[in-house]
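# Overview (structure and organization)
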4 protein chains.
Amino acid sequence: MGVASGSGMKRNEIPQSAIWTPYRVPYADTDAMGYVYYGNYLTLFERSRNELMRAGGFTYAEMESRGGAMLPVIEAHVDYRKPARYDDAIEIAAWVDEARGFRLKIRNAVFRGDECLATGHTVHVCVDATTRRPVRVPQYILDFNPSAGA
Amino acid sequence: MGVASGSGMKRNEIPQSAIWTPYRVPYADTDAMGYVYYGNYLTLFERSRNELMRAGGFTYAEMESRGGAMLPVIEAHVDYRKPARYDDAIEIAAWVDEARGFRLKIRNAVFRGDECLATGHTVHVCVDATTRRPVRVPQYILDFNPSAGA
Amino acid sequence: MGVASGSGMKRNEIPQSAIWTPYRVPYADTDAMGYVYYGNYLTLFERSRNELMRAGGFTYAEMESRGGAMLPVIEAHVDYRKPARYDDAIEIAAWVDEARGFRLKIRNAVFRGDECLATGHTVHVCVDATTRRPVRVPQYILDFNPSAGA
Amino acid sequence: MGVASGSGMKRNEIPQSAIWTPYRVPYADTDAMGYVYYGNYLTLFERSRNELMRAGGFTYAEMESRGGAMLPVIEAHVDYRKPARYDDAIEIAAWVDEARGFRLKIRNAVFRGDECLATGHTVHVCVDATTRRPVRVPQYILDFNPSAGA
């Protein structure tokens with residue numbers, strides 16, 4: 001599902017700190033309308049977050065063991081611009097929009113060439129893996145985020 | 001994923017016009033954190049929208065043939081309150097929040113007993129199935145919506 | 001995906017010990033061919049296994065805590081007969097085909113009314129939840145299986 | 001889900017004609033057991049079939065338009081050897097096992113390094129996209145298959 005609405009983002013509006021993840025759409029992701037199912041964009045967002053963290057020199061898996069921190073999602077939002085189809089070669093951009101205290105906001109945009117198919121974001125709260133209580137976002141995540149300040 | 005944040009909605013805050021869809025969580029919906037994967041809430045929302053329309057005396061499938069109308073999603077939003085787990089018996093509420101012109105906004109809430117696990121909404125634009133151009137939301141959808149006015 | 005091939009099973013060929021699970025197909029399960037995606041039948045099979053166990057007076061979740069046993073899948077097979085479509089009201093039958101030593105074989109059939117859409121099976125090995133080593137299928141599972149003998 | 005059973009295949013047993021598709025496991029693919037959900041292996045198989053066809057100089061999408069042919073699945077089988085986990089870098093091999101008349105059998109194997117995690121196959125029947133009746137597997141698919149003979 002998904003249909004044109006508004007202009008979306010242009011590729012040159014994506015921050016330089018963004019990490020781009022290439023992805024080829026399988027039949028599995030599509031629905032009977034012939035488009036990528038709207039819920040599957042959240043999986044695309046997750047794939048790009050994983051690569052964002054890997055690019056930062058650590059992985060989510062490592063983070064869980066290292067700092068004992070987890071980043072459950074507390075909010076997700078998607079704006080659908082144009083539909084993606086089976087076998088499309090798309091790219092998902094992810095970048096840290098805000099990181100302070102216990103919260104981390106990551107923004108995403110999905111492109112097919114220069115066409116912006118969707119934009120969105122997720123908000124995460126950093127919790128201790130054992131106690132599941134909120135803890136400060138680890139310094140190595142903040143360090144990795146060019147726009148987070150000191 | 002998903003963790004407590006804010007208070008969510010209480011069952012008695014859900015409008016009377018809402019339709020409730022019961023659902024049993026399979027392993028397929030869960031992830032390695034032990035919770036229902038965050039993207040799968042959009043599938044839960046879809047299940048409840050389908051039942052909302054069926055309760056209105058028509059189905060999405062019928063609507064596509066009858067009025068030649070489709071309702072692609074242009075926006076989706078989820079606020080995650082508490083995690084759902086494997087084998088949980090949950091219920092998803094869906095109700096029409098706003099229907100005017102080309103747009104339809106449907107709100108959702110997911111409950112396990114009295115606990116609100118998630119809330120959210122989707123915004124749809126009504127398009128002609130053939131031309132894929134925006135058309136007014138059909139009267140029989142408006143009629144079905146108690147809060148839409150005349 | 002899926003297309004007619006062979007005759008499948010007739011409803012009256014399904015054993016009386018089978019448990020039937022009703023299911024309404026959402027858009028999420030379909031693909032661009034307009035049919036339920038072939039991989040999603042394994043989720044349908046799981047839903048019916050869950051209800052099979054619940055009907056036996058225990059749930060998989062309970063079993064994990066009670067006997068400390070888990071039933072990972074070591075083999076899955078599906079024969080696709082006719083496609084299921086969006087909004088179809090289907091039923092999935094599940095029954096124990098064989099239970100001895102460490103192994104449990106469960107058979108499945110998917111119907112839309114009298115039409116057999118798919119058949120298949122899964123083979124599970126019973127393992128201790130802690131050691132993950134094979135253990136005998138618990139007696140309360142064998143007891144529940146009418147065809148397993150003493 | 002999935003647990004060791006038998007020896008699986010060794011990497012050097014995979015035919016040279018096989019195409020290998022790399023894949024990084026997201027949270028979305030895992031379940032509460034901490035492993036890739038058993039049904040998701042069929043999506044992995046599909047991803048590798050898509051790359052198998054692309055390597056043959058055509059894509060499934062092109063085939064549908066070019067020859068007007070479709071390849072719905074009539075049988076799927078998976079043997080699970082060892083579990084895949086979140087963030088694993090895995091590879092899926094796909095190769096044509098048999099292609100004659102209306103039928104095409106494709107085999108798959110999933111590896112993490114030298115470890116064989118799963119093996120399986122799908123059987124497809126070639127149908128005309130318009131009439132949905134069986135047609136011979138197109139010559140350009142047979143040509144692409146080194147083991148299919150003249």
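Because the structure is a prediction, the values reported are computed rather than measured. (Residues numbered from 1 in each chain as written. Chains lettered and ligands numbered in written order. Predicted model: local features only at pLDDT ≥ 70, side-chain atom pairs only at ≥ 80, totals over all residues. Heavy atoms only, no water.)

## Description of the overall build of chain A
Regarding its fold elements, chain A presents three helices and seven strands. Ordered by position in the sequence, the α and β elements of chain A form the string β-α-α-β-β-β-β-β-β-α. Counting across all 150 residues of chain A, residues that qualify as buried make up 59%. Residue pairs in contact within chain A that sit at least 24 positions apart in sequence constitute 69% of those at least 6 positions apart. About 5900 Å² of surface is accessible on chain A, with carbon and sulfur atoms providing 47% of the total. (Helix = DSSP H or I, 4+ residues; strand = E, 2+ residues; numbered from the N terminus. Buried < 20%, exposed > 50% of the residue type's maximum accessible area, 1.4 Å probe, protein only. Contact = heavy atoms within 4.5 Å. Areas by Shrake-Rupley, 256 points an atom, 1.4 Å probe, with all protein chains shown as cover.)

## Remarks on the interface of chain B and chain D
Counting residues at the interface gives nine residues for chain B and nine residues for chain D. Across the contact surface, chain B and chain D share four residue pairs in polar contact (both at pLDDT 80 or more). For the side of chain B that touches chain D, the class distribution of residues is six nonpolar, two polar and one charged. (Polar contact = N/O pair within 3.5 Å; in protein donor to acceptor, adjacent residues only side chain to side chain. Nonpolar A, V, L, I, M, F, W, Y, C, P; charged D, E, K, R; others polar.)

## Some points on the relation of the copies chain B and chain D
When chain B is fitted onto chain D, the two copies agree to an RMSD of 0.0 Å after a turn of 180° and an axial shift of 0.0 Å. This pairing of chains is accounted for by a two-fold axis. Of the C-alpha atoms belonging to chain B, the one lying closest to the rotation axis is found on D31 of chain B, 1.9 Å away. Both copies present the same face, since 100% of the interface residues in chain B are matched by interface residues at the equivalent positions in chain D. (Least-squares fit on C-alpha atoms with pLDDT ≥ 70 in both.)

## A look at helix α1 (residues 40–55) of chain B
Residues and elements named next belong to chain B. When the terminal C-alpha atoms of α1 are compared, their 23 Å separation across 16 residues agrees well with the 22 Å that a helix rising 1.5 Å per residue should span. A large share of α1 lies buried, amounting to 12 of its 16 residues. Within the sequence span of α1, burial applies to Y41, L42, T43, L44, F45, E46, R47, S48, R49, N50, L52 and M53. Count one or two residues on from α1 and you reach G57, which has phi positive near 95°. (Expected span 1.5 Å × (residues − 1).)

## A few points about the side chain of H124 of chain B
Residues and elements named next belong to chain B. Among the secondary structure elements, H124 is positioned in strand β6 (residues 115–125). On the basis of relative accessible area, H124 is assigned to the buried category, the value being 3%. Those residues in contact with H124, other than ones at most four positions away along the chain, are R49, L71, P72, V73, I74, F102, R103, L104 and I106.

## Topic: the packing of aromatic side chains
With the rule as written, the count across this model stands at 20 aromatic pairs over all chains. With a centroid separation of 4.5 Å and an interplanar angle of 55°, the aromatic rings of Y27 of chain C and Y86 of chain C are classed as tilted. With Y27 of chain C in the loop between β1 (19–24) and α1 (40–55) and Y86 of chain C in the loop between β3 (73–80) and β4 (89–100), the pair connects residues that are 59 residues apart, well separated along the chain. When its relative accessible area of 3% is taken as the criterion, Y27 of chain C is described as buried. Seen from their ring centres, Y37 of chain C and Y38 of chain C are 5.2 Å apart, and the 80° between their planes marks the pair as edge-to-face. Ring-pair connections join several aromatic residues into one group, and the members of that group are Y37, Y38, Y41 and Y80 of chain A. In this structure, R11 of chain D packs its charged tip against the face of W20 of chain D, placed 4.4 Å from the ring centre. (Phe/Tyr/Trp six-rings, centres within 6.5 Å; stacked < 30°, edge-to-face > 60°. Lys NZ or Arg CZ within 6 Å of the ring centre and 35° of its normal.)

## Examining the pattern of salt bridges
A full pass over the atoms with the stated rule returns 32 salt bridges over all chains. With a closest N to O distance of 3.3 Å, K82 of chain C and E115 of chain C form a salt bridge. Taken together, the residues K82 of chain C in the loop between β3 and β4 and E115 of chain C in strand β6 (residues 115–125) connect sequence positions 33 residues apart. Residue K82 of chain C is classed as partly exposed on the basis of its relative accessible area of 34%. A relative accessible area of 28% means that E115 of chain C is categorised as partly exposed. Ionic contacts of the salt-bridge type, sharing partners, join the residues K82, D88, R112 and E115 of chain A into one network. (Salt bridge = Lys/Arg side-chain N within 4 Å of Asp/Glu carboxyl O.)

## Brief notes about the sheet that holds strand β1 (residues 19–24) of chain A
In spatial order, the strands read β1(A)-β4(A)-β5(A)-β6(A)-β3(A)-β3(B)-β6(B)-β5(B)-β4(B)-β1(B); together these 10 strands make up an open sheet with antiparallel pairing. In the strand order of this sheet, the two ends are held by β1 of chain A together with β1 (19–24) of chain B, each with one partner. On average, adjacent strands in this sheet sit at an angle of 20° to one another, irrespective of strand direction. Alignment of strand β5 (residues 103–112) of chain B against β6 of chain B, held across 10 bridges, turns out to be antiparallel. Within β6 of chain B, the residue paired with R107 of chain B across the bridge is H121 of chain B. The sheet strands contacting α1 of chain B are β3 (73–80) of chain A together with β1, β3 (73–80), β4 (89–100), β5 and β6 of chain B, and the helix crosses β4 of chain B at an angle near 65°. (Pairing = 2+ DSSP bridges. Axes fitted to C-alpha atoms, helices over the stretch in contact; angles between N-to-C directions.)

## So, the pairing of strand β3 (residues 73–80) of chain D
Counted residue by residue, β3 of chain D has seven buried out of eight residues, so it is predominantly covered. As paired strands, β3 of chain C and β3 of chain D are joined by five bridges and run antiparallel to one another. Bridging across to β3 of chain D, H77 of chain C finds its partner in H77 of chain D.

## A closer look at the relation of the copies chain B and chain A
With an RMSD of 0.0 Å, chain B superimposes on chain A once it is rotated by 180° and translated 0.0 Å along the axis. Of the residues that chain B buries at the interface, 100% are likewise interface residues in chain A, meaning the two copies contact each other through the same surface.

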